[in-house]
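Letter by letter, the chains look like this.
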Amino acid sequence: MAETLPALAAGAAGAVLGAIYFGGLWWTVSRLASFRRPALSVAVSALLRMGLALGGFYLIAGGDWLSLLACLLGFVAARAVVTGVTRPPRARREASGTEEAGHAP
């Protein structure tokens, strides 16, 4: 029980890191056409996001492998959530299987 609360906190912190990382990736890609220097913008965004994620992992883990694992699981879970939230409505319908095929089998 004593190890459960820190692991849950690390998982929640990993989810926040993941939301920031993948939300920042989505923001960068969605505005790519409006940047004056798209390659530089993508590179700077990647460096900032990776630095934040790796620094967060280092601080959250604190040398404990269980906290690192929980943080990583939260990070991956946030990826699934951000991917689902940022998907366009048509792609959501196609992924859920509710849209009929537009061609004969």
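Refer to the structure above for everything that follows.
Residues numbered from 1 in each chain as written. Predicted model: local features only at pLDDT ≥ 70, side-chain atom pairs only at ≥ 80, totals over all residues. Heavy atoms only, no water.

Examining the environment of Ala12
Here is step 1: Mapped onto the elements of the fold, Ala12 is located in helix H1 (residues 4–30).
Here is step 2: Separated by 61 residues in the primary sequence, Ala12 and Leu73 place their C-alpha atoms 9.3 Å from one another. (Helix = DSSP H or I, 4+ residues; strand = E, 2+ residues; numbered from the N terminus.)

Quick word on the environment of Ala53
Here is step 1: Summarising the element assignment, Ala53 is placed in helix H2 (residues 38–61).
Here is step 2: On the accessibility criterion, Ala53 (7% relative accessible area) is buried.
Here is step 3: As for Ala53 and Phe75, which are separated by 22 residues in sequence, their C-alpha atoms are 9.1 Å apart. (Buried < 20%, exposed > 50% of the residue type's maximum accessible area, 1.4 Å probe, protein only.)

Remarks on the packing of H1 against helix H3 (residues 65–86)
Here is step 1: Closest axis-to-axis distance for the H1/H3 pair is 6 Å, and the angle between their directions is 40°. Classified by the interaxial angle, the pair formed by H1 and H3 is oblique. Here H1 runs over H3; the crossing is right-handed. Contacts between H1 and H3 involve Ala7, Ala10, Gly11, Gly14, Ala15, Leu17, Gly18, Ala19, Tyr21, Phe22, Gly23 and Trp26 on the former and, on the latter, Leu66, Ser67, Ala70, Cys71, Gly74, Phe75, Ala78, Arg79, Val82 and Thr86.
Here is step 2: Along the lines of polarity and charge, the residues of the contact of H1 with H3 split into 14 nonpolar, seven polar and one charged. (Axes fitted to C-alpha atoms, helices over the stretch in contact; angles between N-to-C directions. Parallel < 35°, antiparallel > 145°, perpendicular 65-115°, else oblique. Left-handed = near helix turned anticlockwise from the far one by under 90°. Contact = heavy atoms within 4.5 Å. Nonpolar A, V, L, I, M, F, W, Y, C, P; charged D, E, K, R; others polar.)

Considerations on a nonpolar patch on the surface
Here is step 1: A contiguous nonpolar patch, built from Val16, Ile20 and Leu52 and spanning about 250 Å² of accessible area, is present on the exposed surface.
Here is step 2: Locating Leu52 in the fold gives a position in helix H2. (Patch = residues over 30% accessible without salt bridge, like charges linked within 9 Å, V, L, I, M, F, W, Y side chains within 5 Å. Areas by Shrake-Rupley, 256 points an atom, 1.4 Å probe, with all protein chains shown as cover. Salt bridge = Lys/Arg side-chain N within 4 Å of Asp/Glu carboxyl O.)

Structural notes on the packing of aromatic side chains
Here is step 1: Scanning all chains against the criterion turns up five aromatic pairs.
Here is step 2: With a centroid separation of 4.9 Å and an interplanar angle of 80°, the aromatic rings of Tyr21 and Phe22 are classed as edge-to-face. Like Tyr21, the residue Phe22 is buried in the burial classification.
Here is step 3: Relative to Phe75, the ring of Phe22 has its centre 5.2 Å away and its plane inclined at 50°; by these criteria the two rings are tilted. Highlighted residues: Phe22 in helix H1 and Phe75 in helix H3, separated in sequence by 53 residues.
Here is step 4: On the basis of relative accessibility, which here comes to 11%, the residue Phe75 falls in the buried class.
Here is step 5: One aromatic cluster is present, formed by Tyr21, Phe22, Phe57 and Phe75 through successive ring pairs. (Phe/Tyr/Trp six-rings, centres within 6.5 Å; stacked < 30°, edge-to-face > 60°.)

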